[in-house]
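A look at the structure
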Amino acid sequence: MPFIRIALEFSPILFVLIASINFGFFLQGHFKLDNNIPKVALGFFSILGIIQLLSYPLVYFAINTKVIAILYVVIFVCAFFSCLLSKTKLRITKKDYILFAFIIISSAVFINFASNYGVGARSDSIFYISMVNENSVLKTIQTIGFRGNEVESVYYLYQSFYHLFSMLIKITRNIFSLMNSPIYLYIWGAQILFFYIFFEIIYCFAFKFFKKKYIIFLSFVIASIYLCFIDGFFYLALIGNLWRVLIVSLFFYLFYSYLQCNNYKIFILMGLMLSALVAVSSSGFYISFFIAISIFIVLLKKNLSKKAITVYSLSLISPVIYGAILIAWRYHYSNLLIYGILVIYILICLLLKNLRKFWKQIYTYLFLGLLVFFVIYSLINYKNLYPYNYYFEEHLADMCNQYFVFKNHKQILFNTLWWGLTAYMFYFKLKEKKFTIYDKTFLVLIILFLNPLVMPAVIYFITDFVYYRSYDLIFNIFNLAILFWYLSEKNKMFLKWLVIFQCLLIAVSLHLPFENIALGSIRSSEYNYGRLYKLNQNEKEIVDYLQTEVKNLNYRPWVVSQMPYLKGYVNNIQLKFGISDTREIVKYENEEMLENAPSELLNLFIERDFIGQNIFKEDPNYDKACQIIYEENVEYIILRKDQFKEKDDTWIPIWLDMRACSETLFQNDDYVLLKRY
C-alpha cells in the first residue's frame, strides 16, 4: 500500500520527535525547570545546538557523510533513551494530554493549509531543497547553488539544520532501498516539526501565564499566530529563517527562568539555543552577539559567581566559532585566524571570572562608549551607509514580518495593536518606576543595537543588509506573552478591547488571507497537483525521468529548463540559468523599458507568458538555437509545450524545431525532455 509505505518512510521524523520529547523531559528535570516549559522545543533545539557544535569540525575536515549520518543516529538514540536512563521521573499529567490534543489538532489544520501551497516559485526554497538533496548523496557536505554548482560561501556550509535533513534522507533512502531521494521528508518533515513546536510553544506559554483565563488564553494563541504568519510564510518551514522566532522565544523563556531562580546552569541551555539559532540562519550569529552583549552588560550589576561567569562566557562558543569562520572567509584571511580567535576567546573566558570588579567598574563606560561610537559613525558616514529610513522600510521578499508597514487593513490593525500595547505597558513601567532586569535587558538591546540612530553603523560593521531580521529579538512569542500578562494584570478593560481588535483582525483576514505573492501562491487548484512532492503530475514525471537518466553519470551535465523547480528535485545536474536568474527579470509591457538579455541562451529559452512576448531588447534568434546549444555544451533541454516561435508566417512549438539537434526522451501534456545529439 503506497500510504503505508510513505508512512513508514516518515518514521525517522517521528523518531526525531519522540527523541526530542524524551530529551526535553530529561533537560527539564536535570536543570530543574518549571513544568510549563515546551519539552519538544527544548529537546529538539538542544539537540540541534549540539549537532551545530559538532558540524564545525565535521565540515571543516570534510568528514564523509556516512560517518556524519551514523553520528546523528547515535545522538538521537542517546536523546531517545536519556529520559529512561536518568533519574528523572516521567510524569504525564492531564494538562499534557490536553496540550497534546491542542497541538495535534492545530498542527493538522495548518498542515492542511500549507499543503495547498507550492515550494515558492520566487523564494530561496529551491536553493535549500537542492542543497539538502545534493548533500544526501554527496560524500562530503557542500553548498550547492541554484544552478547545481558549488557555491564559494560558508554562510550555509556550517548550518546543521540542513545537514540534519540531508542525513535523514540519506538514512531513509538506504533503509527502504529507494531509487530516488525522498525529498518530501525534508519538505514535509520540516513543516510537521515546525508546526508541532510552534503550537507547543504557544500553548505552554499560555498555560504558564493565563492558565485559568480562558478568553485571554485564546486571544494570546490568535495573536501569536498573527505575529508569526501575518505576512504568509507559514508554508516555508523548510527554510531555517522561519525557525528563528521560535528559538528566540524559547531563549528568552530560559533567560526569564534564570532570573527567577538564579540557577546559572541554565546558561548552558541558553548557549545551546544560540547554537541552534546559528544552525537555522546565518543571521543567528549577529542576533546571538546582540543578545550576549546586552545580557552581559545588565548582569554585571548582579553578584555573579565565578562559575556563573565562566559558564555564561563558554556558552557562547558556537556563535564565536561561526563568527571566526565568517571573518576568515569574508576577508580572505588564513584559517589560522580561526584558531587565533578561539584561543583568544578561551583565554577571555578563563580570565573573565577574575576580572569581575574591573568589569563592574567600567560597564557604564562600555555601554556609553559603544552607543556613542555607533551614533557618531552613523551620523558622519550617513551618505555612504544605509539611510536611517531603511529601519522602517518593507522587506517583503525576505522572511520577516513588516512591523513598520501599514499598507493594508490587516497590517494596520495588527501593527497598531502591537505598538499600542507596547506603548501602554511602557507607560505603566515609567509611571511605577519598576523596571525588572528583563526589562533593562531589552532597553539595552534597543538602545545599543535596535534603533534607527545606530542602525547604519550596525549594518556596516555587523549585520549587512539583513539587519531587520534582528527584530525577532523584540517581536517574539515570549515577549507577546509577557505583554499580555502584564497588561491584563494592570487594566481590567484590556481584555475587552483586545477581543474587539482581534475580531476586526480576523474579519479583515477573511478578505486578506495569509499569503505572500512575492514568494509563492496556492497550487492545489492545478490539475493533478501532488501534495507530497508539491509538484503536479507532469512535473513529477519529468523530474523522475531526468533523475534516472543522470544519476549514474560521473559528471554534472548542463541542462536548460523551463521548469522552475527542477534543481530542487534532481541531483547531479547543472543549470545554465535558474530561478535566481529569472525571478528578478521584470517582463515589462512597455518596450522602452526592456533591458539587454544577460545571455543568448536565456533570451531563447526564458519562459514567456504569451506568444510573441518581448522580454529583452533583442528578439530571440531561434535559427541559432542549435548552434548555441552546442557552444554552451548543453546536454538536456526541458521545454514547455505552450512556448511558441514564429516560422514561415505561423506559430509553432519551440520544442519541435529543437529536434533538429536533439532527440525526444520523454514528453507529457505540459513538458518535453530533449537530449542533444
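Provided above is the structure to which this section pertains.
Source: prediction; values computed, not measured.

Time to look at a nonpolar patch on the surface. A cluster of nonpolar side chains, namely V343, I346, L347, L350 and L351, defines an oily patch on the protein surface of about 450 Å² accessible area. Within the element layout of this structure, V343 appears in helix α15 (residues 336-352).

Next up on the list: the pattern of salt bridges. This structure, assessed with the given rule, holds 13 salt bridges. Through salt bridges with shared partners, a single ionic network connects E134, R556 and K567.

Overall, mixed pairing links the five strands, which are arranged β4-β3-β5-β9-β8 in an open sheet. Edge positions in the sheet fall to β4 (574-575) and β8 (662-667), since each of these pairs with one other strand and no more. Judged from the five bridges that link them, strand β5 (residues 634-640) and strand β9 (residues 671-676) form a sheet pairing that is antiparallel. Note on β9: the bridge partner recorded for I637 is L674. Taken strand by strand, helix α22 (residues 537-550) contacts β5, β8 and β9, and its axis lies near 20° from that of β9.

Positionally, D670 belongs in the loop between β8 and β9. A residue is classified by how much of its surface remains accessible, and D670, at 24% relative accessible area, is partly exposed. Separated by 346 residues in the primary sequence, D670 and A324 have C-alpha atoms spaced 49 Å apart. Discounting chain neighbours no more than four positions away, the residues touching D670 are N536, N538, L639, R640 and K641. Polar side-chain contacts of D670 include one of 2.8 Å to the side chain of N538.

On to the packing of helix α7 (residues 160-175) against helix α8 (residues 184-209). Orientation of α7 relative to α8, taken along the N-to-C sense of each, is 125°, at an axis distance of 10 Å. The angle between α7 and α8 falls in the class oblique. Note on packing geometry: the crossing formed by α7 with α8 is right-handed. Counting all contacts with α7, which are made through F161, Y162, F165, L168, I169 and T172, the residues of α8 involved are L185, Y186, G189, A190 and L193. By residue class, the composition of the contact of α7 with α8 is nine nonpolar, two polar and no charged.

Right, let's get into the state of the cysteines. The final tally for this structure, using the stated rule, is one disulfide. Each sulfur in the disulfide pair C626 and C661 lies 2.2 Å from the other. Note on the C626 and C661 pair: the S-S dihedral is about -80°, so by sign convention the disulfide is left-handed. Highlighted residues: C626 in helix α26 (residues 625-631) and C661 in the loop between α27 (654-657) and β8, separated in sequence by 35 residues. With respect to class, C626 is no different from C661; both count as buried. Take C78: it sits in no disulfide, and the sulfur closest to it among the cysteines is that of C83, at 14 Å. A relative accessible area of 48% places C78 in the partly exposed class. In this model C204 remains outside any disulfide bridge; the closest cysteine sulfur is found in C228, 15 Å from its own. Looking at C204, the relative accessible area reads 2%, which means it is buried.

For the rest of this paragraph, the subject is the nonpolar core. Residues F45, Y186 and W243 are the most contacted members of the largest nonpolar core, which totals 211 residues. Ranked by residue count, the leading element in this core is α8, at 21 residues. Not counting the four nearest positions on each side in its chain, W243 is found in contact with F44, F45, F161, A190, L193, F194, I197, A237 and V280. Core analysis: the second largest hydrophobic core is formed by 24 residues, I585, L601, I606 and V672 among them.

When a strand is regular, its side chains alternate between the sheet's two faces. As defined by bridge partners, strand β6 (residues 644-647) adjoins strand β7 (residues 650-653) across four bridges and the pair is classed as antiparallel. Looking across to β7, one finds that E646 is bridged to W651. Where β6 folds back onto β7 in an antiparallel hairpin, the turn is made up of two residues, including D648, whose phi is positive at roughly 55°.

On the secondary structure map, S488 appears in helix α20 (residues 477-490). There is a polar contact of 2.8 Å between the side chain of S488 and the backbone oxygen of W485.

This next bit is on helix α5 (residues 94-114). Taking 1.5 Å as the rise per residue, α5 with 21 residues should run 30 Å; its terminal C-alpha atoms sit 30 Å apart, in good agreement. The set of residues buried in α5 consists of K95, D96, L99, I103, S106, S107, F110 and A114. Down the axis, α5 shows its buried residues gathered within 110° of arc, on one side only. Set apart from the buried face of α5 by more than 90 degrees, the exposed residues are K94, Y97 and I105. If you follow the buried residues of α5, they end up packed against α8 and α9 (214-229).

Thresholds applied
Residues numbered from 1 in each chain as written. Predicted model: local features only at pLDDT ≥ 70, side-chain atom pairs only at ≥ 80, totals over all residues. Heavy atoms only, no water. Patch = residues over 30% accessible without salt bridge, like charges linked within 9 Å, V, L, I, M, F, W, Y side chains within 5 Å. Areas by Shrake-Rupley, 256 points an atom, 1.4 Å probe, with all protein chains shown as cover. Salt bridge = Lys/Arg side-chain N within 4 Å of Asp/Glu carboxyl O. Helix = DSSP H or I, 4+ residues; strand = E, 2+ residues; numbered from the N terminus. Pairing = 2+ DSSP bridges. Contact = heavy atoms within 4.5 Å. Axes fitted to C-alpha atoms, helices over the stretch in contact; angles between N-to-C directions. Buried < 20%, exposed > 50% of the residue type's maximum accessible area, 1.4 Å probe, protein only. Polar contact = N/O pair within 3.5 Å; in protein donor to acceptor, adjacent residues only side chain to side chain. Parallel < 35°, antiparallel > 145°, perpendicular 65-115°, else oblique. Left-handed = near helix turned anticlockwise from the far one by under 90°. Nonpolar A, V, L, I, M, F, W, Y, C, P; charged D, E, K, R; others polar. Disulfide = S-S within 2.5 Å. Core = buried A, V, L, I, M, F, W, Y, C linked by side-chain atoms within 4.5 Å. Expected span 1.5 Å × (residues − 1). Arc of directions from axis to C-beta.

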